[in-house]
Amino acid sequence: MTADEERLVKSRKRCAVNQRKYRAKLQIIDNQRRMNMDELSRVNQRLEGHIAASIDRRGLWCHAEEQSILEYLRLFERGYTQSERQDSFLRYFVAPDVCFNGLIGVEGVKSYWTTRSSRLTFLHVKYVRLTPVAHTSEGTTVEMHCVIEVALASPTVAAMFPHVVRRPDLVDKLLSAPLHIPLHATYVFDDNKQVSWQSCVPNLVQALYTTFGNLNDVVAATSSSAAIHPDVKGQSDSQPA
């Protein structure tokens, strides 16, 4: 094979590789476009349902917002898997400058979920209760109460409850069964029906009480000044305030 023929073969190979890369890029763009169109269709359906509900039931002014939250919980029930469906949903669910638990923007939301998904195994979201709070010029506020069921691994237990590591009995309880964490979240939606502000507060004390069965062990797990010692007889009947 001459030098010219060798250069021609290499050139053809480069062209073939570039064509494959180009087709793959087009496929990704097309998939993302279809995901966005599907998500936009679902957004429109929620808005149409909001209009219909407002006509049929006077005073129901947050139907679209509630449906968005329920869809959000459904998609993120098992945590953030970085799926195209989740990413497409977030682009419509939150505003570009959303303040989400202190983090800003869509990337902030992804960062929030990435961190928590790396530490926790999300098993289930249940007992969801949505409560419309206010509808003002600043937006629509909806509160959510639910219970999230998560599984903990040893590194997570050590990071979340460092004082527990000296109590093998409590560590075993945290590792042997899911932790049921009551969660209270507040969502503020703007005029575009997108979340502009969100905060959530987990009730870890209640979750630990449900797991341990007594307040002494809860204090041992959560207080840096608490004595780390097994529960004594009679304290298991105590109830959290």
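Bear in mind that the values here come from a model prediction, so they are computed numbers and not experimental data.

*Asks:* How should I be thinking about unusual backbone geometry in this particular structure?
*Replies:* The phi angle of most residues is negative, glycine excepted, and most peptide bonds adopt the trans form. Although it is not a glycine, asparagine 101 adopts a positive phi angle of roughly 50°. Of note in the backbone geometry, lysine 193 takes a positive phi value of approximately 65° without being a glycine. Tracing the sequence through the fold places lysine 193 in the loop between β5 (179-189) and β6 (195-202).

*Asks:* Would you explain the nonpolar core in this entry?
*Replies:* Considering soluble globular proteins, one finds that nonpolar side chains tend to be buried as a cluster. With 47 residues, the main nonpolar core has Tyr72, Phe93, Trp113, Met144, Leu174 and Tyr187 as its most contacted residues. Take this core: its biggest share by element is six residues, from β5. Not counting residues within four places of it along the chain, the set of residues in contact with leucine 174 comprises Leu152, Val157, Phe161, Val164, Leu179, Leu208, Thr211 and Phe212.

*Asks:* When you look at the packing of helix α7 (residues 204-212) against helix α8 (residues 215-222) in this model, what are you seeing that I'm missing?
*Replies:* Axes are the key here: two packed helices are described by the angle between their axes and the distance separating the axes. Where α7 meets α8, the axes come as close as 9 Å, and the angle between the chain directions of the two elements is 130°. Taken as axis vectors, α7 and α8 run oblique relative to one another. Regarding α7 and α8, the two cross each other, and that crossing is right-handed. Judged by residue contacts, Val205, Leu208, Tyr209 and Phe212 of α7 engage Leu215, Asp217, Val218, Ala221 and Thr222 from α8. Here the residues of the contact of α7 with α8 sort into seven nonpolar, one polar and one charged.

*Asks:* What's the story with the sheet that holds strand β4 (residues 139-151) in this structure? I'm lost.
*Replies:* The strands making up a sheet are joined through hydrogen bonds of the backbone, oriented either antiparallel or parallel. With mixed pairing, six strands are arranged side by side in an open sheet as β2-β1-β6-β5-β4-β3. At either margin of the open sheet sits one strand with a lone partner, and together these are β2 (103-104) and β3 (121-136). Here β5 pairs with β6 via seven bridges, running antiparallel. Bridge pairing in β6 places tyrosine 187 opposite glutamine 198. Most of the contacts of helix α4 (residues 105-119) go to strand β1 (residues 94-100), to which it runs at about 50°, and overall it touches β1, β2, β3 and β6.

*Asks:* How do you make sense of the pairing of β3 when you look at a structure like this?
*Replies:* The side chains of a regular strand alternate, residue by residue, between the two faces of the sheet. Two elements, β3 and β4, share twelve bridges in a ladder whose sense is antiparallel. Residue pairing across strands places arginine 129 opposite histidine 145, the latter belonging to β4.

*Asks:* Explain the packing of aromatic side chains here, please?
*Replies:* Geometry of an aromatic ring pair is reported as the spacing of the ring centres plus the angle between the planes. Tallied over the entire structure, the rule returns 13 aromatic pairs. Seen from their ring centres, phenylalanine 89 and phenylalanine 93 are 5.0 Å apart, and the 20° between their planes marks the pair as stacked. One end of the pair is phenylalanine 89 and the other is phenylalanine 93, both in helix α3 (residues 84-93) and four residues apart, which spans about a single turn. In this structure phenylalanine 93 comes out as buried when scored by relative accessible area, which is 2%. Ring centres 5.2 Å apart and planes at 75° place the aromatic pair phenylalanine 100 and tyrosine 112 in the edge-to-face group. Of this pair, phenylalanine 100 sits in strand β1 while tyrosine 112 is found in helix α4, placing the two residues twelve residues apart along the sequence. The class for phenylalanine 100 is buried, based on a relative accessible area of 1%. Using a relative accessible area of 11% as the deciding quantity, one classes tyrosine 112 as buried. Ring pairs connect the aromatic residues Tyr72, Phe76, Tyr80, Phe89, Phe93, Phe100, Tyr112, Trp113, Phe122, Tyr187 and Phe189, which therefore count as one cluster.

*Asks:* When you look at α8 in this model, what are you seeing that I'm missing?
*Replies:* It helps to recall that an α-helix has 3.6 residues per turn; residues three or four apart then point in one direction. Taken together, the buried positions of α8 are Asn216, Asp217, Val218, Ala220 and Ala221. Looking at the buried positions of α8, the neighbouring elements they touch are α6 (168-176) and α7. Capping the start of α8 is the job of one residue whose side-chain oxygen sits 3.3 Å from the backbone nitrogen of asparagine 216: asparagine 214.

Reading the values: rules and limits
- Residues numbered from 1 in each chain as written.
- Predicted model: local features only at pLDDT ≥ 70, side-chain atom pairs only at ≥ 80, totals over all residues.
- Heavy atoms only, no water.
- Helix = DSSP H or I, 4+ residues; strand = E, 2+ residues; numbered from the N terminus.
- Core = buried A, V, L, I, M, F, W, Y, C linked by side-chain atoms within 4.5 Å.
- Buried < 20%, exposed > 50% of the residue type's maximum accessible area, 1.4 Å probe, protein only.
- Contact = heavy atoms within 4.5 Å.
- Axes fitted to C-alpha atoms, helices over the stretch in contact; angles between N-to-C directions.
- Parallel < 35°, antiparallel > 145°, perpendicular 65-115°, else oblique.
- Left-handed = near helix turned anticlockwise from the far one by under 90°.
- Nonpolar A, V, L, I, M, F, W, Y, C, P; charged D, E, K, R; others polar.
- Pairing = 2+ DSSP bridges.
- Phe/Tyr/Trp six-rings, centres within 6.5 Å; stacked < 30°, edge-to-face > 60°.
- Polar contact = N/O pair within 3.5 Å; in protein donor to acceptor, adjacent residues only side chain to side chain.

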